[in-house]
Amino acid sequence: RRSGNRVRVTVQLIQAVDGTQLWSQRFDRELTDVFEIQDEIAQAIAEQLKVKLGDTNAGTRQTANMEAYEDVLAGRHALFKFTPAGLEHAYERLQHAISLDPNYAYAHASMAEYHVHQATVGTALHRDALLKAEAAALRSLELDSLSADAHSVLGMVSAELRYDWAASERHYLRAIELNPASAHVHFARAYWCLRPTGRLHEALKEIDRALELDPLSAYFRFGKAYVTLFVGNLERSAELAQRTFDLDPTYFLGIFVLAFVRARQGRAEEAIELANRMIAEHGRWNMSLLVLGLVHALVGSREKAEDVLNELKERSTTQQCSGIISILSSTMGYIDEAFAWAERAIDERDNQILSLKTSPVYDRLRADPRFPALLAKVNLA
């Protein structure tokens with residue numbers, strides 16, 4: 001609990017088998033150094049467990065500025081909403097954290113991830129955003145050579161910007177070596193490296209590890225639902241997508257997966273209701289339009305799917321949404337158009353193209369003799 005510049009932390013040690021309380025202690029402190037408080041509490045717990053703590057210093061990623069620390073926490077929370085509004089709020093908080101403490105390595109690593117998300121959500125030119133992400137991650141490593149988060153972002157950049165899967169894997173393995181308890185690093189490896197390269201069962205294992213470490217992450221729950229969809233288990237994917245709503249009934253990525261699954265299952269009314277709910281709650285932007293278009297295409301509302309496709313093509317004159325147009329064109333059976341837009345997506349470094357090898361949205365392209373050459377362009381042949 002917090003009051004002004006004071007914090008009260010009550011710690012209880014519980015015997016899991018029968019719920020017996022073994023120990024309890026209250027800590028009342030000034031919020032001058034949050035890491036010192038954390039270390040003090042960890043040491044007290046360790047003494048009760050009769051174990052010895054190793055070095056708990058997290059390196060130069062720490063900050064003595066409590067406001068900067070809170071800004072990064074709030075910024076990262078907003079970041080993983082994966083909406084334009086969430087990104088805008090994340091940028092404000094992360095930029096403020098860096099202004100308060102320019103040497104805060106974790107803030108720079110988080111800003112690097114913000115730029116990756118810009119490319120994902122479509123609020124910036126993909127290549128430009130990824131280059132900014134790389135620069136911010138390298139700055140984080142300058143400040144903290146042991147930053148697992150910076151290596152994680154470089155794993156994303158290696159995948160998206162350069163299609164260098166070996167380099168991506170190296171960065172992720174280094175990140176896990178530096179911080180094996182980072183749920184986010186395990187998830188990022190699964191999503192950005194293992195999923196695109198077709199190592200889907202390995203990806204699911206990494207996501208399970210992330211969920212063991214952080215079971216209350218809606219983003220990780222989405223990821224498990226999404227990759228489960230790729231391995232063809234629609235019912236299980238729907239069940240997992242529903243679980244994101246336990247944490248946030250409006251979670252964009254949860255609606256994204258569930259709407260697509262319901263459309264694939266032929267549950268048209270439910271799929272359309274979910275797609276319309278997404279538009280109502282999050283507005284018309286590239287990824288929400290993708291879901292709306294896919295749902296209408298899959299349930300047979302051809303005219304409405306065409307309207308969405310045309311809206312996206314109009315947007316493409318001022319924004320980069322070639323990957324989304326390729327996916328929707330493929331689903332609607334416009335194979336030549338789908339290939340043309342996919343080629344453009346590769347040139348633009350649109351990360352939607354990372355689903356080329358494994359996603360069911362590209363099923364119609366896989367039988368085409370041009371498909372192996374397309375895979376080769378992203379080093380996935």
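These lines cover the structure that appears in this document, whether it is placed above or below. (Residues numbered from 1 in each chain as written. Predicted model: local features only at pLDDT ≥ 70, side-chain atom pairs only at ≥ 80, totals over all residues. Heavy atoms only, no water.)

1. Overview of the overall build of the chain
Which entries qualify depends on this criterion: Numbering of helices and strands starts at the N terminus; helices are DSSP runs of H or I of at least 4 residues and strands are runs of E of at least 2. What the globule rule says is 2.2 Å times the number of residues to the power 0.38, and the radius of gyration is computed from C-alpha atoms. Only protein chains enter the accessibility calculation, which uses a 1.4 Å probe. A residue is then buried if its area is under 20% of the maximum for its type, exposed if over 50%, and partly exposed in between. The contact criterion used throughout is that any non-hydrogen atoms of two residues lie within 4.5 Å. A 1.4 Å probe and the Shrake-Rupley method give the accessible areas. Residues count as covered only by the protein chains that appear here.
Looking only at helices and strands, the chain has 19 helices and three strands in total. In summary, the chain has a C-alpha radius of gyration of 22 Å against a globular reference of 21 Å for 381 residues, a match within 12%. Counting all 381 residues of the chain, 54% fall into the buried class. In the chain, the proportion of contacts linking residues at least 24 apart, taken out of those at least 6 apart, comes to 58%. Here the chain has roughly 16800 Å² of accessible surface; of this, 50% comes from carbon and sulfur atoms.

2. Observations regarding the sheet that holds strand β1 (residues 2-3)
Operational definition: Strands were regarded as paired on the criterion that DSSP finds at least two bridges between them.
If you trace the three strands from one edge of the open sheet to the other, you get β1-β2-β3, paired in antiparallel fashion. Single-partner strands in this sheet number two, and they are β1 and β3 (21-30). Sheet topology note: the strand β2 (residues 6-14)/β3 ladder contains nine bridges and is antiparallel. Bridged to V9 within β3 is F27.

3. Topic: the packing of aromatic side chains
We count it as follows: Each Phe, Tyr or Trp ring, with Trp reduced to its six-membered ring, pairs with another whose centre is within 6.5 Å; inter-plane angles below 30 degrees give stacked pairs, above 60 give edge-to-face pairs, and intermediate values give tilted ones.
Per the counting criterion, the structure on display carries 17 aromatic pairs. Ring plane angle 80° and centroid distance 5.1 Å describe the contact between Y191 and W192, whose orientation is recorded as edge-to-face. The exposure classification of Y191 matches that of W192, with both residues buried. Residues Y191 and F222 carry aromatic rings whose centres are separated by 6.2 Å and whose planes lie at 50° to one another, so their mutual orientation is tilted.

4. Quick word on the environment of E273
Its place among the elements puts E273 in helix α13 (residues 268-282). Judged by relative accessible area, E273 falls into the partly exposed class, the value being 44%. Sequence separation between E273 and A259 is 14 residues; the distance between their C-alpha atoms is 8.2 Å.

5. What about the pairing of β2?
Sheet analysis places β1 next to β2, joined by two bridges and oriented antiparallel. Within β2, the position partnered with R2 by the bridge is V7. Count of turn residues in the β1/β2 antiparallel hairpin: two residues, of which G4 carries a positive phi of about 60°.

6. Comments concerning unusual backbone geometry
The phi torsion at F82 lies on the positive side, around 55°, for a residue other than glycine. Examined against the element boundaries, F82 turns out to sit in the loop between α2 (66-79) and α3 (84-100).

7. Quick word on the packing of helix α14 (residues 286-299) against helix α16 (residues 322-331)
Two quantities define a packed helix pair, namely the angle between the helix axes and the distance between the axes. Put simply, the rule reads: Here the axes come from fitting lines to C-alpha atoms, over the contacting stretch only for helices, and the angles between their N-to-C directions go from 0 to 180 degrees. In this scheme, roughly parallel covers angles under 35 degrees and roughly antiparallel covers those over 145, while 65 to 115 is roughly perpendicular and the rest are oblique. In this count, Pro and Cys sit with the nonpolar residues alongside Ala, Val, Leu, Ile, Met, Phe, Trp and Tyr, while Asp, Glu, Lys and Arg are called charged and the others, Gly among them, polar.
At a minimum axis separation of 10 Å, α14 and α16 run at an interaxial angle of 5°. Here α14 lies roughly parallel to α16, going by the angle between them. Across from N286, M287, L290, G293, L294, A297 and L298 in α14, the residues of α16 making contact are I324, I327, L328 and T331. Here the contact of α14 with α16 is composed, by residue class, of eight nonpolar, three polar and no charged.

8. Things to note about the nonpolar core
Note the threshold: Residue types Ala, Val, Leu, Ile, Met, Phe, Trp, Tyr and Cys, when buried and joined through side-chain atoms within 4.5 Å, form a set referred to as a nonpolar core.
In terms of nonpolar packing, the biggest core is built from 128 residues, with W192, Y219, F256 and I353 touching the most fellow members. Ranked by residue count, the leading element in this core is helix α12 (residues 252-264), at 10 residues. If we skip the residues at most four places from it in the chain, W192 touches V116, T120, M156, A159, E160, W165, Y172, Y219, N351 and L354.

9. Focus on the environment of L240
By the element assignment, L240 lies in helix α11 (residues 234-247). On the basis of relative accessible area, L240 is assigned to the buried category, the value being 4%. For the pair L240 and V361, spaced 121 residues apart in sequence, the C-alpha separation works out to 20 Å. Contacts of L240, omitting those with residues within four sequence positions, involve R221, K224, A225 and T228.

10. A few points about α11
The periodicity of an α-helix, 3.6 residues per turn, causes residues three or four positions apart to be oriented the same way. Just so we agree on the cut-off: The directions considered for the arc run from the helix axis to the C-beta atoms.
Along α11, the residues that are buried comprise S237, A238, L240, A241, T244 and F245. Buried residues along α11 cover an arc of 165° about the axis, so they all sit on one side. Where the residues of α11 are buried, they touch α10 (218-230), α12 and α13.

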